[in-house]
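Examining the three-dimensional arrangement
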Amino acid sequence: MLQLPESFLEEMRELLGGEYDAWEKSYEGNEGFRGLRVNTGKLRPEEFQALSAFSLRPVPWTRNGFYLEGQEQASKHPYYAAGLYYLQEPSAMTPAACLPIEEGDRVLDLCAAPGGKATELAARLHGTGVLVANDISNSRAKALLKNLELFGAGNILVTSETPERLLDYFEGWFDKILVDAPCSGEGMFRKEPSMVKDWLEKGPDYYAGIQRTVVTAAAKLLRPGGLLLYSTCTFSRHENEETIERLMQEEGFTLLPLPLPKDRADLGFAPGLDTCAEAARLFPHRLNGEGHFVALLQKNECLPDCPDASGAGFPKRKEKADARGILKKLPEEWLDFAKDLHVAWDSRLFRLYDSRLYLLPEALAGKNIRSLRFLRTGLYLGEVKQKRFEPSQALAMALRKEDFALTADLKADDERVVRYLKGETLELEDLVSPKAKGWCLVCVDGYPLGWGKLSNGTLKNKYYPGWRW
Ligand SMILES: C[S@@+](CC[C@H](N)C(=O)[O-])C[C@H]1O[C@@H](n2cnc3c(N)ncnc32)[C@H](O)[C@@H]1O
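Residues numbered from 1 in each chain as written. Predicted model: local features only at pLDDT ≥ 70, side-chain atom pairs only at ≥ 80, totals over all residues. Heavy atoms only, no water.

Turning next to the overall build of the protein. The secondary structure content of the protein amounts to 16 helices and 23 strands. Relative to a compact globule of 469 residues, whose C-alpha radius of gyration would be 23 Å, the protein shows 24 Å and is just as compact. Its C-alpha atoms give the protein principal-axis dimensions of roughly 75 × 55 × 40 Å. Counting over 469 residues, the protein shows a buried share of 55%. Summarising the internal contacts of the protein: among those between residues at least 6 apart in sequence, 70% fall at separations of at least 24. Per element, the accessible surface of the protein, about 20,400 Å² overall, is 48% carbon and sulfur. The centroid of the 61 positive side-chain charges in the protein is displaced by 9 Å from the centroid of its 68 negative side-chain charges. (Helix = DSSP H or I, 4+ residues; strand = E, 2+ residues; numbered from the N terminus. Rg over C-alpha atoms; globule rule 2.2 N^0.38 Å. Buried < 20%, exposed > 50% of the residue type's maximum accessible area, 1.4 Å probe, protein only. Contact = heavy atoms within 4.5 Å. Areas by Shrake-Rupley, 256 points an atom, 1.4 Å probe, with all protein chains shown as cover. Lys, Arg positive; Asp, Glu negative; His and termini not counted. Charge placed at Lys NZ, Arg CZ, Asp CG, Glu CD.)

Quick look at the structure:
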């Protein structure tokens, strides 16, 4: 067995009692499971199964998660570059799967990087409402943004702030919040033994303090009646049940049953401890996944006289130019491009910041978030360069093949796909009419990968340099 600190093992003996030996055995010769979660914003799980040759077995507590059983290098497959899935440890699929999302919701993922849960929340919003994805670490938030854009999410605000600072803007504003809290990581020791070092240096008490601050802010960011999903990848009662009990006792929350596709006992989920039986503990000896804790709570409704704080903190935004003003500033090349774009976007939501054109989520229009540290507001459409317009990688990922007039659809096994992803120029006479000219959406098996510029059957590569293979 992996060398684990004696004080941790002692804690586990106390927690598991008669199940301890089975738990310890689950660490022998097992480094965990590989998982893949289908991006339902782009296709249904059964469509992905029919499309891909991957060896997949369903993760029973999700509708779109699979164990990846073959030896495929799934992170180096063109379907990954098309944003068709996220690679995720199976237990880590549980928190987002257990937060009910309805179209139009205002959703916050407070500790979101690198986006394992945020990408699922974005997919389930299907382009409606707004997802605010935040992480205190700026470098991690960059990875979060990349993953959300790869997934084709445009109704987003990606920030890198403390939860307290978000309160200045978003008090009582969100319908749903996910707090996948920074934790001591005990549940991940089998898969990531390097986490033991951090546990020895900091341990559960250190993280319990951070969790307390984070959930206190989350409680205030949520509207009355809104839902909060709290999760960790640790076993410590101090970080799990004690956090939930405080939310119930001090912040007016009620613990709810988890919405799971099957009976939780059949899935191998253990109940939470003490008053938290509705929460779930995931143990590696009970199911095929790592250790996690998941709890779904509802913020109690307001009493009739409680103040409506919803969004009160937003300074109103004085728009410099109205939408018509923005359209006037766009070059003719944008107009040509827009003719090929078969989408029904409300041009009143266009914003031009310096030379960059964005489509704002409606929920954020008129809201002044300028002084927040943000990495992206809405869908970045492209760059206006004097008379030219250059569409963005994010736009390519947010489109469906049928949304753009000129496309080149390559098969996944066509060697040109990898050459495209490497940034090479391609000859495409067999795929497009020799007369075709202009911006072309390059796809793999019907799913967009990025842009190219076509002329006389030759495609000049416009795949985003930072994403090239
Ligand atoms: C468990 S990880 C999140 C994983 C992520 N939800 C996913 O599924 O990919 C916890 C994250 O919380 C962030 N974090 C730590 N302290 C924070 C705080 N006070 N506010 C917001 N985020 C914080 C860390 O940078 C880290 O990325």
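Moving on to the sheet that holds strand β18 (residues 388-391). The four strands lie next to each other as β14-β15-β17-β18, forming an open sheet whose pairing is antiparallel. Two strands close off the open sheet at either side, each with one partner strand: β14 (350-353) and β18. Neighbouring strand axes in the sheet, compared pairwise and without regard to direction, differ in orientation by 25 degrees on average. The pairing of strand β15 (residues 356-359) with strand β17 (residues 379-385) spans four bridges and is antiparallel. Its bridge partner being in β17, Leu357 is matched across the sheet by Gly382. In the packing of helix α14 (residues 332-340) onto the sheet, the strands contacted are β14, β15 and β18, and the crossing angle to β18 comes to about 40 degrees. (Pairing = 2+ DSSP bridges. Axes fitted to C-alpha atoms, helices over the stretch in contact; angles between N-to-C directions.)

A separate point is the site of the ligand. In the neighbourhood of the ligand, 17 residues make up the surrounding shell, with Gly116, Lys117, Asp135, Arg140 and Asp180 lying closest. Taking Asp180, its side chain carries an N or O atom lying 2.8 Å from a nitrogen atom of the ligand. Relative to its free-state accessible area of 600 Å², the ligand is covered by the protein chains to the extent of 83%. Along the lines of polarity and charge, the residues of the shell around the ligand split into ten nonpolar, three polar and four charged. (Near = heavy atom within 4 Å. Polar contact = N/O pair within 3.5 Å; in protein donor to acceptor, adjacent residues only side chain to side chain. Nonpolar A, V, L, I, M, F, W, Y, C, P; charged D, E, K, R; others polar.)

Going through the model one piece at a time under the given rule, you end up with 33 aromatic pairs. Between Phe8 and Trp23, the ring centres sit 5.9 Å apart and the planes meet at 70 degrees, which makes this aromatic pair edge-to-face. Taken as a pair, Phe8 in helix α1 (residues 6-16) and Trp23 in helix α2 (residues 20-25) lie far apart in primary sequence, 15 residues in all. Accessibility assignment for this pair places Phe8 and Trp23 in one class, buried. (Phe/Tyr/Trp six-rings, centres within 6.5 Å; stacked < 30°, edge-to-face > 60°.)

In this section: the pairing of strand β9 (residues 222-232). For β9, the tally of buried residues reaches nine of eleven residues, placing the bulk of the element in the interior. Bridging between strand β8 (residues 174-180) and β9 involves six bridges; their strand directions are parallel. When the bridges of β9 are listed, Lys176 appears paired with Leu227. Relative to strand β13 (residues 292-299), β9 runs antiparallel, the two sharing six bridges. Its bridge partner lying in β13, Thr232 is registered against Phe293.

This paragraph deals with the UniProt feature "active site" (unreviewed entry) in the protein. In this structure's numbering, the residues bearing the UniProt feature "active site" (unreviewed entry) are Cys233. Overall, the relative accessible area of 16% leaves Cys233 in the buried class. Residues contacting Cys233, with those up to four places away along its chain left out, are Cys183, Gly185, Glu186, Gly187, Met188, Gly291 and His292. (UniProt positions renumbered as here; feature names shortened; annotations may be inferred.)

Let us now look at the UniProt feature "binding site: S-adenosyl-L-methionine" (unreviewed entry) in the protein. With numbering matched to this structure, UniProt assigns "binding site: S-adenosyl-L-methionine" (unreviewed entry) to Cys111, Ala112, Ala113, Pro114, Gly115, Gly116, Lys117, Asp135 and Asp180. These annotated residues cover 70 residues of sequence, and their C-alpha atoms all fall within 12.5 Å of one another, placing them together at a single site. Among the structural elements, Ala112 can be located in the loop between β5 (106-109) and α6 (118-125). Look past the residues within four positions of Ala112 in its chain and what remains in contact with it is Ala118, Ala133, Asn134, Asp135 and Leu144. Structurally, the position occupied by Ala113 is in the loop between β5 and α6. Under the relative-accessibility criterion, Ala113 is labelled buried at 10%. In contact with Ala113, not counting residues within four places along its chain, are Asn134, Asp135, Arg140, Ala141 and Leu144.

With the rule as written, the count across this model stands at 32 salt bridges. Across the salt bridge formed by Lys385 and Glu390, the nearest N and O atoms sit 3.9 Å from each other. In this structure Lys385 comes out as partly exposed when scored by relative accessible area, which is 35%. Salt bridges sharing common partners tie together Glu6, Glu10 and Arg13. (Salt bridge = Lys/Arg side-chain N within 4 Å of Asp/Glu carboxyl O.)

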